[in-house]
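Chain residues, written in single-letter form:
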Amino acid sequence: MFRDMFRSTLLAASRSTAVRALVESAPLSRLVVDRFVAGTGVDQALAVTREILTDRLVTIDHLGEDTTDRARADAAVETYRTLLRRLGDAGLADRAEVSVKLSALGARLPVDAEKIALDGARRICEAADAVGTTVTVDMEDHTTTDATLQAVQDLRLDFPWVGAVLQAYLRRTESDCRNLAVRGSRVRLCKGAYDEPASVAFRDRHEVDRSFVRCLMALMAGAGLPMVATHDPRLIAIARSLGQRHGTAYELQMLYGVRPQAQTRLAAEGERVRIYLPYGTDWFGYFIRRLAERPANTAFFLRSLITG
Ligand code: FAD
């Protein structure tokens, strides 16, 4: 109950420009942010990628979302294309892919939003194809689910390896899992990071966990590649046992900076583990979602502000 209120309050505060200004200007923010973000530029992102690739795989996210400016949307596309070229030049593209948010590519622009975002995503897929890697389209709040899944379906006509993300907290997701668990598909299943109403989402965390297990069963019984994105030890254990029972290949995915020892332990045990690695200057929204997932993170952050 307290946890839910805390999460909703923090996610609501993240829409306040005053809170944003306060957090971004706080002198120690950067140190705390660095736990979750691999620096601001592509060189730093590639350096961290190289380290992780010693035992795990990577999906790189260039931070940014909710762009309402066409020039910024175009710049985001170019940033991804440069990143992909650099991954290819460095010989890392066989083990590192990218994750993309459609709202960073223009999906919230006032006119032609869906077309602009889809064209941008297509250009990113072309660059990924050229170096032999893949793209996964992140999922944002529930108002975007249909449009995002439609975009993934459109992209997959030309780039069948494009991955989708489904959020177990949405009531619709078990059915989406069944529809998407087809040959060649790549589906990342996560709990979901936004503050959604009870009309569309399970609000109780036990219900979210039960939904996650039902979704896992649908994906593991299907013909695609399940990408199990959670740090929850019980759900990871269930995924491993379902994968073994069905003889299904799968990936475990975790966020950079979250349970790093578990990440390396699972890799050492022979699991295919992929790390979601964000970089860039637009870290605010991503950072607040990470704080909202764990009250202890917020306490640590507030302490660092007070003690300096
Ligand atoms: P939780 O119950 O939140 O956490 C389980 C345990 O993991 C906690 O007890 C704690 O020990 C640890 N933990 C979890 N989060 C943190 C944290 N922030 N800091 C410290 N410890 C933590 N969400 C979307 O809505 N759309 C996406 O596209 C999306 N992509 C994702 C991609 C990947 C690879 C991953 C791993 C997550 C993604 N998420 C996405 C976020 C996801 O929806 C959850 O919000 C997040 O993973 C926390 O849920 P959990 O499954 O780890 O379970």
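Residues numbered from 1 in each chain as written. Predicted model: local features only at pLDDT ≥ 70, side-chain atom pairs only at ≥ 80, totals over all residues.

Draft legend 1. Looking closely at the overall build of the chain. Broken down by element type, the chain carries 13 helices and 8 strands. Taken over C-alpha atoms, the radius of gyration comes to 18 Å for the chain, in line with the 19 Å a tight globule of 308 residues would show. Projected onto its principal axes, the C-alpha positions of the chain cover 50 × 40 × 40 Å. Within the chain, residue pairs in contact and separated by at least 24 positions form 71% of the contacts whose partners lie at least 6 positions apart. (Helix = DSSP H or I, 4+ residues; strand = E, 2+ residues; numbered from the N terminus. Rg over C-alpha atoms; globule rule 2.2 N^0.38 Å. Contact = placed C-beta atoms within 7 Å.)

Draft legend 2. Main features of the pairing of strand S4 (residues 163–167). Burial analysis of S4 places 5 of its 5 residues in the buried class, the great majority of the element. On S4, burial covers both faces: Gly163, Val165 and Gln167 on one face and Ala164 and Leu166 on the other are all buried. Pairing of S4 with strand S5 (residues 186–190) involves 5 bridges; the strand directions are parallel. Each bridged residue has a counterpart across the sheet, and for Gln167 the counterpart in S5 is Cys190. (Buried ≥ 20, exposed ≤ 12 C-beta atoms within 10 Å, placed from the backbone. Pairing = 2+ DSSP bridges.)

Draft legend 3. Structural context of the packing of helix H5 (residues 70–89) against helix H6 (residues 113–131). At their nearest, the axes of H5 and H6 sit 9 Å apart, and the two run at 10 degrees to each other. With respect to H6, the axis of H5 lies roughly parallel. Across from Ala73, Val77, Tyr80, Arg81, Leu84, Arg85, Leu87 and Gly88 in H5, the residues of H6 making contact are Ile116, Gly120, Arg123, Ile124, Ala127, Ala128 and Val131. (Axes fitted to C-alpha atoms, helices over the stretch in contact; angles between N-to-C directions. Parallel < 35°, antiparallel > 145°, perpendicular 65-115°, else oblique.)

Draft legend 4. Summary view of the domain arrangement of the chain. Segmenting the chain into domains produces domain 1 (1–36 + 291–308) and domain 2 (37–282). Inter-centroid distance (C-alpha atoms) of domain 1 to domain 2 is 24 Å. Counting residues at the interface gives 9 residues for domain 1, matched by 7 residues for domain 2. Of all the elements, helix H1 (residues 2–13) adds the most residues to the side of domain 1 that touches domain 2, at 5 residues. For the side of domain 1 that touches domain 2, the class distribution of residues is 4 nonpolar, 1 polar and 4 charged. (Domains from an automatic or database assignment. Nonpolar A, V, L, I, M, F, W, Y, C, P; charged D, E, K, R; others polar.)

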